[in-house]
Amino acid sequence: MTEEQEVMQVVHGRVKWFDPSKGFGFIVSDDAEVDILLHANVLRNYGQGSVADGAGIVVRVQKTQRGVQAVEVVSIEPPEGVVFPLADEAGQLLGEDILALAMEPARVKWFDKGKGFGFGNVFGRAEDVFIHAEVLRVSGFADLAAGEAVALRIIEGKRGRMAVQVVSWEAAAREAT
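Figured I'd write up the structure that's included with this text. Just so we're clear, the structure is a prediction, and the values are computed from it rather than from any experiment.

Conventions adopted
Residues numbered from 1 in each chain as written. Predicted model: local features only at pLDDT ≥ 70, side-chain atom pairs only at ≥ 80, totals over all residues. Heavy atoms only, no water. Helix = DSSP H or I, 4+ residues; strand = E, 2+ residues; numbered from the N terminus. Buried < 20%, exposed > 50% of the residue type's maximum accessible area, 1.4 Å probe, protein only. Areas by Shrake-Rupley, 256 points an atom, 1.4 Å probe, with all protein chains shown as cover. Phe/Tyr/Trp six-rings, centres within 6.5 Å; stacked < 30°, edge-to-face > 60°. Contact = heavy atoms within 4.5 Å. Core = buried A, V, L, I, M, F, W, Y, C linked by side-chain atoms within 4.5 Å.

1. What to know about the overall build of the protein
Consideration 1: Per the secondary structure count, the protein includes five helices and 10 strands.
Consideration 2: For the protein, with 177 residues in total, the buried portion stands at 40%.
Consideration 3: Just so you have it, the protein exposes about 9,900 Å², and 50% of that area is on carbon and sulfur atoms.

2. What about the packing of aromatic side chains?
Consideration 1: The full count for this structure, using the stated rule, is eight aromatic pairs.
Consideration 2: On the numbers, 6.1 Å between centres and 85 degrees between planes, the contact of Phe-117 with Phe-119 is edge-to-face.
Consideration 3: The interplanar angle of 70 degrees and the centroid separation of 5.7 Å between the aromatic rings of Phe-119 and Phe-130 together place this pair among those described as edge-to-face. Placement of the pair is Phe-119 in strand S7 (residues 117-122) and Phe-130 in strand S8 (residues 128-132), with a sequence separation of 11 residues.

3. Regarding the environment of Ala-142
Consideration 1: Inspection of the secondary structure puts Ala-142 in the loop between helix H4 (133-138) and strand S9 (149-157).
Consideration 2: It is 8.4 Å that separates the C-alpha atoms of Ala-142 and Lys-113, two residues lying 29 residues apart in sequence.
Consideration 3: Look past the residues within four positions of Ala-142 in its chain and what remains in contact with it is Ser-50, Val-51, Ala-52, Lys-113 and Leu-136.

4. Notes on the environment of Arg-161
Consideration 1: Inspection of the secondary structure puts Arg-161 in strand S10 (residues 160-168).
Consideration 2: According to the relative accessible area criterion, Arg-161 is buried, its value standing at 10%.
Consideration 3: Placed 32 residues apart in sequence, Arg-161 and Val-129 show a C-alpha to C-alpha distance of 5.1 Å.
Consideration 4: Those residues in contact with Arg-161 that lie beyond four places of it in its chain are Glu-104, Val-122, Arg-125, Glu-127, Asp-128, Val-129, Phe-130, Ile-154, Ile-155 and Glu-156.

5. Quick word on the nonpolar core
Consideration 1: Ranked by internal contacts, the top residues of the largest apolar core, which has 24 residues, are Ile-36, Leu-38, Val-51, Ile-57, Val-59, Val-73 and Ile-76.
Consideration 2: Membership of the second largest hydrophobic core comes to 14 residues, among which are Phe-111, Leu-144, Val-150 and Val-166.

Any functional reading would require information beyond the geometric quantities listed.
Written out as structure tokens, the structure is:
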């Protein structure tokens, strides 16, 4: 085992804040006495361009001269205590019902954080899929970029297809294996 592998450890924590425009954020954890730097490149290697404040996160960290920083994201979970924003659209869908839905490969057509929604296109289908900002947030994301590859769990809403969960393409590929 190399010296680098010996000093790396797995830490469970919560995202304190993450700013995609700055390219970094911080994680707080009971396992570490200081905040842990989360760089945008580490998050992108996991397959996400952003992460929601308060999201649960498991990372491999390394102590450097500048402090503790994440070097690999192992997993991301939605923030705790959030109510899934489906209202009347999904009836009585529970978390396990949502997880039972198939993940459909898609690309983000556009997403406007200010407006609070956007649309995606599922490969091989013509109609758009509505993506609400709250669904994005409870899925552990802060934002989406046009053209970003994702996997969506989708229901038929009153006005068409709508995402009930967004998963990064890389995380969906890992889950499928």
